[in-house]
Amino acid sequence: MGLSTYHQKRHFNRTPEPKGVAGKKRISNLRFVIQKHDASRLHYDFRLELDGVLKSWAVPKGPSLDPGKKSLAVQVEDHPIDYGNFEGVIPQGEYGGGTVLLWDKGIWEPLHDPHEGLAAGKLHFALHGHKLNGEWTLVQMHGRAGDDGKNWLLFKLKDKYASSKGDILKDEPQSVKTRRSIEKIADDRNDVWASDAKKMANLSGGIKSALLAHFTPQLAILSTKPPEGDQWLHEIKFDGYRIIAQVKAGKVKLITRNGNDWTSKFSVIASRLEKLKVDSALLDGEVVALDEKGHSDFQALQAMLKDKEKVRLRYYVFDLPFCNGVDLRATPLIERKKQLETILAKSRLSSEIGYSDHFIGDGDAVEKKACQMDLEGIISKRVDAPYVSRRDPTWLKSKCNQRQEFIIVGYSDPQGSRQGFGSLLLGYHDDKKRLVYAGRVGTGFGDKILRDLHKHLEQLRVRQSSLDIDPPARERLHAHWVKPTLIGEVRFTGWTRDGRLRHPVFIELRTDKPASQIVRERPIDPKEVMPQSKTPMPKKSKSSASNNSNSNNKPIAGVELSHPDKVLYADQGVTKHDIAAYYEQARRWMLPHAINRPLALVRCPGGTSSKCFFQRNWSETLPNDVHKVNVSLKKTPEMHVTVDDLAGVISLVQIGVLEIHTWNCHNDDIHHPDQLIFDLDPGPDIKWKQVSEAARTVHRKLTALRLPTFLKTSGGKGMHITIPIQPTIDWEAGKSFCQTIVESLGNESDLFVGNMRKDLRGGKIYLDYHRNGRSATAVAPYSTRARDGAPVSMPISWEELGKLSSAAYFTVEMAARYLEKRKEDPWRDFEKSRVDLHKVVARASAA
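Since this is a predicted model, take the numbers as computed values, not measurements. (Residues numbered from 1 in each chain as written. Predicted model: local features only at pLDDT ≥ 70, side-chain atom pairs only at ≥ 80, totals over all residues. Heavy atoms only, no water.)

Enquirer: Any chance you could explain the nonpolar core here in plain terms?
Expert: Soluble, globular proteins show a tendency: their nonpolar side chains are buried together. One finds Tyr582 and Met794 to be the most contacted residues of the largest nonpolar core, which totals 80 residues. Looking at this core element by element, the count peaks at 9 residues for helix α12 (residues 576-594). Once residues lying within four places of it in the same chain are set aside, the contact partners of Met794 are Tyr582, Leu711, Lys712, Thr713, Tyr782, Phe810, Ala815, Tyr818, Leu819 and Arg822. (Core = buried A, V, L, I, M, F, W, Y, C linked by side-chain atoms within 4.5 Å. Buried < 20%, exposed > 50% of the residue type's maximum accessible area, 1.4 Å probe, protein only. Helix = DSSP H or I, 4+ residues; strand = E, 2+ residues; numbered from the N terminus. Contact = heavy atoms within 4.5 Å.)

Enquirer: Even after reading the chapter, I still don't get the packing of helix α14 (residues 688-704) against helix α15 (residues 731-748), so can you show me in this structure?
Expert: In contact at an axis separation of 11 Å, α14 and α15 are set at 120 degrees when each is read in the N-to-C sense. With respect to α15, the axis of α14 lies oblique. In the crossing of α14 with α15, the sense of the turn from one axis to the other is right-handed. Between α14 and α15, the contacting residues are Thr697, Val698, Lys701 and Leu702 on the first element and Ile741, Ser744, Leu745 and Glu748 on the second. (Axes fitted to C-alpha atoms, helices over the stretch in contact; angles between N-to-C directions. Parallel < 35°, antiparallel > 145°, perpendicular 65-115°, else oblique. Left-handed = near helix turned anticlockwise from the far one by under 90°.)

Enquirer: What exactly am I supposed to notice about the side chain of Glu659 here?
Expert: Tracing the backbone through its elements, the reader meets Glu659 in strand β37 (residues 657-662). For Glu659, a relative accessible area of 7% puts it in the buried group. A polar atom in the side chain of Glu659 sits 3.2 Å from the side chain of Arg785. (Polar contact = N/O pair within 3.5 Å; in protein donor to acceptor, adjacent residues only side chain to side chain.)

Enquirer: Help me understand the state of the cysteines, please; the structure alone is not making it clear to me.
Expert: Here, disulfide denotes a covalent bond that connects the sulfur atoms of two cysteines. Under the counting rule described, the total for this entry stands at 2 disulfides. At a sulfur-sulfur separation of 2.0 Å, the disulfide partner of Cys371 is Cys400. With the S-S dihedral at roughly -100 degrees, the linkage between Cys371 and Cys400 falls on the left-handed side. Of the two residues, Cys371 is situated in helix α8 (residues 363-372) and Cys400 in the loop between β21 (391-399) and β22 (402-412); the sequence distance between them amounts to 29 residues. Given a relative accessible area of 23%, Cys400 falls into the partly exposed group. Between the sulfur atoms of Cys604 and its disulfide mate Cys612 the distance is 2.1 Å. Given an S-S torsion of about 115 degrees, the disulfide between Cys604 and Cys612 has right-handed geometry. For Cys604, a relative accessible area of 0% puts it in the buried group. Bonded cysteines in the protein are paired 1-2, 3-4 when counted in the order they occur along the chain. The thiol of Cys665 is unpaired, and the distance to the nearest cysteine sulfur, on Cys738, comes to 15 Å. (Disulfide = S-S within 2.5 Å.)

Enquirer: I would appreciate a short explanation of the pattern of salt bridges in the present structure.
Expert: Oppositely charged side chains can form a pair if their charged atoms are brought close together. What the rule picks out here adds up to 43 salt bridges. A salt bridge links Arg403 to Glu489, with the shortest nitrogen-to-oxygen separation between them at 2.9 Å. Within this pair, whereas Arg403 is found in strand β22, its partner Glu489 is found in strand β27 (residues 487-492), the two being separated by 86 residues in sequence. Just as Arg403 is buried, Glu489 falls in that class too. (Salt bridge = Lys/Arg side-chain N within 4 Å of Asp/Glu carboxyl O.)

Enquirer: What's the story with the pairing of strand β23 (residues 424-429) in this structure? I'm lost.
Expert: Along any regular strand, the residues point their side chains to alternate faces of the sheet. Most of β23 is tucked away, with 6 of its 6 residues classed as buried. Burial of β23 is two-sided: the residues Leu424, Leu426 and Tyr428 facing one way and the residues Leu425, Gly427 and His429 facing the other way are all buried. In this sheet, β23 lies alongside β22 in antiparallel orientation, the contact comprising 4 bridges. Bridged to Ile407 within β23 is Gly427. With 6 bridges connecting them, β23 and strand β24 (residues 435-441) associate as antiparallel partners. Looking at β24, one finds that Gly427 is bridged to Tyr437. Between the antiparallel neighbours β23 and β24 lie 5 residues, among them Lys433 with a positive phi of about 65 degrees. (Pairing = 2+ DSSP bridges.)

Enquirer: I keep staring at the packing of aromatic side chains and nothing clicks. Help me out?
Expert: Given two aromatic rings, their pairing is described by the distance between the two centres and the angle made by the two planes. On inspection of all chains with the given rule, the structure shows 26 aromatic pairs. Here Trp663 and Trp731 contribute two aromatic rings whose centre-to-centre distance is 6.3 Å and whose plane-to-plane angle is 85 degrees, an arrangement assigned as edge-to-face. Taken as a pair, Trp663 in the loop between β37 and β38 (675-682) and Trp731 in helix α15 lie far apart in primary sequence, 68 residues in all. Here the two residues Trp663 and Trp731 agree in accessibility, since each one is buried. Three or more aromatic residues link up through ring pairs in this structure, and these residues are Phe46, Trp57, Trp108, Phe125 and Trp152. (Phe/Tyr/Trp six-rings, centres within 6.5 Å; stacked < 30°, edge-to-face > 60°.)

Enquirer: Looking at this model, I keep getting lost on the sheet that holds β38. Mind explaining?
Expert: The pairing of strands in a sheet comes from backbone hydrogen bonds and takes either a parallel or an antiparallel form. What the 6 strands build is an open sheet, ordered β41-β42-β38-β40-β39-β44; its pairing is mixed. The strands lining the two open edges of the sheet, one partner per strand, are β41 (752-753) and β44 (795-796). With 2 bridges joining them, strand β39 (residues 710-713) and β44 adopt antiparallel strand pairing. Residue pairing in the sheet places Lys712 in a bridge with Pro795 of β44.

Enquirer: It is not clear to me how the packing of α12 against helix α16 (residues 812-821) should be interpreted in this structure. Could you clarify?
Expert: Helix-helix packing is described using two parameters, namely the angle between the two axes and the distance between the axes. Remark: α12 packs on α16, axes separated minimally by 10 Å, with the N-to-C direction vectors making an angle of 35 degrees. The handedness of the crossing between α12 and α16 comes out as left-handed. Where α12 abuts α16, its residues Asp578, Tyr582, Gln585, Ala586 and Trp589 lie against Val812, Ala815, Ala816, Leu819 and Glu820. Residues that form the contact of α12 with α16 fall into these classes: 7 nonpolar, 1 polar and 2 charged. (Nonpolar A, V, L, I, M, F, W, Y, C, P; charged D, E, K, R; others polar.)

This is how it looks when you write it as structure tokens:
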């Protein structure tokens, strides 16, 4: 059977089940497992290793040691070998949602050829497990009871292990892996996963996702002073090593900001985090060494790493970008910190793990207190900001003393009785990525670091300077050049006019960041930071407003754009105002297809050249014209984003939304779709002419069923064909109907493939019917796309298809010209064309 069916039925970004691959085929020591599975109905999953997979049967009443009892066993899809060790909770709503307990495991021994037995419908074998032993038989049922051949009978043969007394299922209910009951597994998971994951997913901006394998931390920008206002929180700036902790199923990795695995270096921290009561998480924090006063001591931390000296370590955690299957990067910071504090408190970890608390507002007082305590400074963060993997002005650092890292580019000879070297020559990268000279530092070195660092520098010596602009001759005198790989942190009082450090003092070497990231830190005024929430900001004076004659400041649909000239598509120069103006022009055609529907958004606050993130959950930080709709089928609400007019659409532009995706239903009936979508996604070697012809083929197929078809470009590589239907069917029926069409087209033409696996798409067009499931979305008609070129998803007539050169043919600029000249809407009959899918299916069946 293979694992294709297993993979198709599961979303591995939502379920903790192992994805797995087919293993090596073995002929001896074959494993068997029995998993107790409390899903929609309690049953037992009986699995036998064969040909690199686990052959599997669902046994509703479980196995019995009584030879007189024959248990129904329904054969299901093959599972990967890794599944044999799985125990946990599959989230509700996913395939097989429920609690899984590893009830028994061991070795099974075929008592004849297992392949012949499976083919003949009778498998005779012996089990050597913790609970089940002796001879057993699986017999395939035939006739009506056998249905399609999946129904078998599992029963015990008479031997010394057989017994008609008692019930082994009740006598030994615990897991052979953890000795827990199935209720305990559910409770443990509910405390941590089911309830917390649900809370996480309901947080604004929370997106279900697999744990991120690679993660880049957010960095702060140097500020002249702490920002003002209650929209900022302030944390202590620690003097240690920035560490991202990856937690998954009780295993922990500690990764530096440079991507190095330092788990072994901070093993005590990792061992404490193994007790964190989460299934999976990414924690962002700083590992520090504490002195007698409880202050961080970086030199002591270095001594521990280098010389194994004993120090008191603590991992201060200040952010939670990911937790329990939910990506929280789009969630406002204050909500992330609240969840982080709750999880740390619930986990009751040792003193080595600490929560980095904060103060809201009054940043000047917080900085003053930090400096009085001889701390490095503070970090100020926007309370409503998302987490972005770059240096961003939503995080500002204010230092008690000027200090930063520099690249060591050389050294000078020592003078007098000094040993090692005289001074270090320093550099940094400018905005053109050139290595620029920053001056020398000759103080702050102890005897030991003079000796040790000199040995290291000798090994890095090169003949010529690595600086892109040579310093003056006097600076080069008696200089020895080295490879620019070492980084030193320096405290100084300022900069000279010619770009040299004033009164520099060496602090320490840094090994937690690459030299390529070292730039001159230029402090910014916090007042220049663009507000990102509805928190009231100081209003501009009338005089300053009157001096700005830029017409782009005029409100659109009553929405005033902040920074309307901000470029969001750098390659095209398309601004925030350009996009808003385009939507205003397209409003009468776009709004009927975009408003009053649950939405999913792609937000790119910095434009397409920076990090974008996905958002579907509503939050109070969103603009007033962006509303919420409850899409939950349960008592607990799940609020998604929606808009009901042009002001809502323009408000989305205001917060950097570059893609608007819609559900296939309206807000007033989330149980029934009112349109179906076929997404034609071409493989990389497919030409546009083939895409056009494929769209016509689908069109002919649907037209033959008397279905109305409306065409639009995706703005990417393919096309979307939409069918308006009456909201009288449920989601599963609509998706099933589309799947039938796709399978039929796949049988009729080699050009189509209905499997989402990318390795099957070579020379084919993936005809995606999965956009018709509940909560699935597709880009809205007329929406921009977050791609180079500023493309637009544009509805067109079937006659216009032949005039296009690609699915990204329409850009914001071209779409504006097209709509200005267009005489009629190609989707003008969309509403009155709605069909009753029940009648279509009945008509097709009768034919």
